[in-house]
Amino acid sequence: MDSTGQREIRSAHPTHYTEEKDVNPTLARVRELATHVTKRAEEIEQQRGLPDDLVDDLRDAGCFRMFAPASHGGDQLDLPDVLAVLEELARADAATAWTVGQVALSHLIVRCGPAEAVEDVFADGPDTLVAGAVAPKGRARHTDTGWRVTGQWPFVTGSPRASWFYLSCVVVTGRSVPVGDDGVPATRILYVPARDIRVLDTWRVLGLRGTASHDVAVEKARVPAYRAVVAESEQGGEAVHRIAESSLIIGSIAVGLADGALADLVQVAAGGKRPALSARRLASAPVFQDRLGEAQTVLRAARALLYAEASEAQASAGTSTALHRARLRATAAQVTSLAGQVVDTAHKLAGGTAVYETSPLQRRLRDLHTATQHFVAGRDSYATLGALAVGAEGGSGPL
């Protein structure tokens, strides 16, 4: 009971890895910034991108150097530490967390490149904003001096602010696209400076509107040979492992978003909401209490799975197998799905209050269901994992 004698209802705030003190200073700074981020959420959505001053705040907090290489002044945090920061940010605003998470992913991929390429990208320091696309939507033609790149890539988060881009391309030789024994085209991830990129204003979407995930286009850009990374699962080594590992970034944002939705719901109930034609307040309704308790438990299960897999991935870095990568992707899909169930429950329990654009629950519902459209949240990874588990060929997910 609180001081007024009314029962207090709280969202289940995490008491896991993120509670360790002095291990993750970025997390401590983000917690101080979180209330400010929450207040800016509607502005971020309306602006379809992060305001300049908020970008500066996030940079000062260390959010844009979490996975930057230590050799270039970055923090190079462990994976669970980064996920904890993203979860905290997503609790405040999913678009902010998504933007920060995609910079972290980009830094992971850049770190897989040759030392000379890493030096190019981080020449201006570890807080360099990098954006990109894993899907091979471009074509790279080998030349005497390197590569000639052309293409258009969708869903490039933070593209208007990025100084560098990583772009996945199929390799073109002559007039054909070479394919491997598995029938998959050869690909390369190439690092391209912003001066060679054209950002197209395409990001007009259901949710995560503040991520500025526009299309980007490149027309016959010249890329030195050393700024390329092999991306196929058979040869890609660390790059393939890092891309699979980064799928947990989506899961951490979904968990934080869902936790924020439960907190919003608790606030509605604690504010004395009484459903239409009901004799009792929402907070005292047994059905509400039952559904809220179940949602909190589902969220805790999702969070536990997320961090268990992240800890294992951290421990096995450098020894990745197809099975490891399939498990990472399946975990991300399951965690995101469970978080979606929690957000759906919170939105429904809030009743008519949640249908208005002024309701944070309405925005969280749109953000979450936009996140679930990401390929990481699809079911393909389950089939891949199942096929590998029984030693069978098949499964349609990427490895």
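Please read all numbers here as calculations on a predicted model, not as lab measurements. (Residues numbered from 1 in each chain as written. Predicted model: local features only at pLDDT ≥ 70, side-chain atom pairs only at ≥ 80, totals over all residues. Heavy atoms only, no water.)

Peer 1: Pulling in residues and values, what's your account of the overall build of the protein chain?
Peer 2: A count of helical and extended segments in the protein chain gives twelve helices and seven strands. Counting every position in the protein chain, which comprises 399 residues, the buried fraction comes to 54%. Looking at the protein chain alone, contacts between residues at least 24 apart form 73% of all its contacts between residues at least 6 apart. Counting only carbon and sulfur atoms, one obtains 50% of the accessible surface of the protein chain, whose full area is about 17800 Å². (Helix = DSSP H or I, 4+ residues; strand = E, 2+ residues; numbered from the N terminus. Buried < 20%, exposed > 50% of the residue type's maximum accessible area, 1.4 Å probe, protein only. Contact = heavy atoms within 4.5 Å. Areas by Shrake-Rupley, 256 points an atom, 1.4 Å probe, with all protein chains shown as cover.)

Peer 1: Any chance you could break down the pattern of salt bridges for me, citing the residues and the numbers?
Peer 2: Summed over the entire model, instances satisfying the criterion amount to 20 salt bridges. The salt bridge partner of Arg-59 is Asp-56, with a shortest N-O separation of 3.1 Å. Highlighted residues: Arg-59 and Asp-56, both in helix H3 (residues 52-61), separated by three residues, approximately one helical turn. Judged by relative accessible area, which is 29%, Arg-59 ranks as partly exposed. In this structure, Asp-259 and Arg-91 form a salt bridge, with 2.6 Å as the shortest nitrogen-oxygen distance. Taken together, the positions of Asp-259 in helix H8 (residues 247-270) and Arg-91 in helix H4 (residues 79-92) put the pair 168 residues apart, joining distant regions of the chain. Each member of the pair Asp-259 and Arg-91 is classed as buried. A single salt-bridge network, built from bridges that share partners, covers Arg-31, Glu-87, Glu-88, Arg-91, Asp-259 and Arg-303. (Salt bridge = Lys/Arg side-chain N within 4 Å of Asp/Glu carboxyl O.)

Peer 1: Could you give an account of the pairing of strand S6 (residues 214-224), with specific residues and numbers?
Peer 2: By the bridge criterion, eight bridges tie strand S2 (residues 146-156) to S6 in an arrangement that is antiparallel. Bridging from a neighbouring strand, Trp-147 pairs with Val-223 of S6. By the bridge criterion, three bridges tie strand S5 (residues 198-200) to S6 in an arrangement that is antiparallel. From the neighbouring strand, Arg-198 faces S6, where its bridge partner is Ala-217. (Pairing = 2+ DSSP bridges.)

Peer 1: With reference to specific residues and values, describe the pairing of S2.
Peer 2: In this sheet, S2 lies alongside strand S1 (residues 130-142) in antiparallel orientation, the contact comprising five bridges. Within S2, the position partnered with Arg-139 by the bridge is Thr-150. Linking S1 back to S2 in an antiparallel pair, the connection comprises three residues.

Peer 1: Please provide a residue-by-residue account of the sheet that holds strand S3 (residues 164-172), values included.
Peer 2: The strand order across the open sheet formed by seven strands is S5-S6-S2-S1-S3-S4-S7, and the pairing between neighbours is mixed. Edge positions in the sheet fall to S5 and strand S7 (228-230), since each has one partner strand and no second. The mean inter-strand angle of the sheet, taken between neighbouring strand axes irrespective of direction, is 25 degrees. In this fold helix H5 (residues 94-110) packs onto S1, S3 and strand S4 (187-193), with an angle of close to 45 degrees to the strand it touches most, S1. (Axes fitted to C-alpha atoms, helices over the stretch in contact; angles between N-to-C directions.)

Peer 1: How would you summarise the confidence of the model for the protein chain if you had to cite specific residues and measurements?
Peer 2: Per-residue confidence for the protein chain gives a mean pLDDT of 89; residues scoring 70 or more make up 88%. Ignoring residues within four places in sequence, the model shows residues 1-22, a span with pLDDT below 50, making 40 contacts including any to other chains. (pLDDT = per-residue confidence, 0-100.)

Peer 1: Tell me about unusual backbone geometry, and please be specific about residues and values.
Peer 2: Positive phi is not limited to glycine here, since Arg-48 has a value of about 60 degrees. Here Arg-48 shows up in the loop between helix H2 (41-47) and H3.

Peer 1: Explain the nonpolar core to me, using residue names and the numbers behind them.
Peer 2: By size, the foremost hydrophobic cluster in this structure holds 95 residues, and its most contacted members are Leu-58 and Tyr-191. Beyond its immediate sequence surroundings of up to four residues, Leu-58 is in contact with Leu-33, Leu-50, Cys-63, Phe-64, Leu-89, Thr-96 and Val-100. Residues Val-149, Trp-153, Cys-169 and Ala-186 belong to the second largest nonpolar core, which totals 21 residues. (Core = buried A, V, L, I, M, F, W, Y, C linked by side-chain atoms within 4.5 Å.)

Peer 1: Break down the packing of helix H9 (residues 286-315) against helix H10 (residues 322-349) for me, with residues and values.
Peer 2: Relative to each other, H9 and H10 sit at 160 degrees, their axes nearing to 9 Å. Overall, the two elements H9 and H10 adopt an arrangement that is roughly antiparallel. Helix-helix and strand crossings are classified by hand; for H9 and H10 the assignment is left-handed. Between H9 and H10, the contacting residues are Phe-288, Arg-291, Leu-292, Ala-295, Val-298, Leu-299, Ala-302, Leu-305, Leu-306, Glu-309, Glu-312 and Ala-313 on the first element and Arg-327, Leu-328, Thr-331, Gln-334, Val-335, Leu-338, Val-342, Thr-345 and Leu-349 on the second. For the contact of H9 with H10, the class distribution of residues is 14 nonpolar, three polar and four charged. (Parallel < 35°, antiparallel > 145°, perpendicular 65-115°, else oblique. Left-handed = near helix turned anticlockwise from the far one by under 90°. Nonpolar A, V, L, I, M, F, W, Y, C, P; charged D, E, K, R; others polar.)

Peer 1: Give a description of H4 that names residues and reports values.
Peer 2: For H4, which comprises 14 residues, the first-to-last C-alpha distance of 20 Å matches the rise-based estimate of 20 Å (1.5 Å per residue) to within 8%. The element H4 is extensively covered by neighbouring structure, given that 14 of its 14 residues are classed as buried. (Expected span 1.5 Å × (residues − 1).)

Peer 1: Quick one: what's the story with the environment of Leu-323, residue by residue and with numbers?
Peer 2: Mapping Leu-323 onto the fold places it in helix H10. You can call Leu-323 partly exposed: its relative accessible area is 39%. Taking the C-alpha atoms as reference, Leu-323 lies 6.6 Å from Leu-385; in sequence the two are 62 residues apart. In contact with Leu-323, not counting residues within four places along its chain, are Leu-385 and Leu-388.

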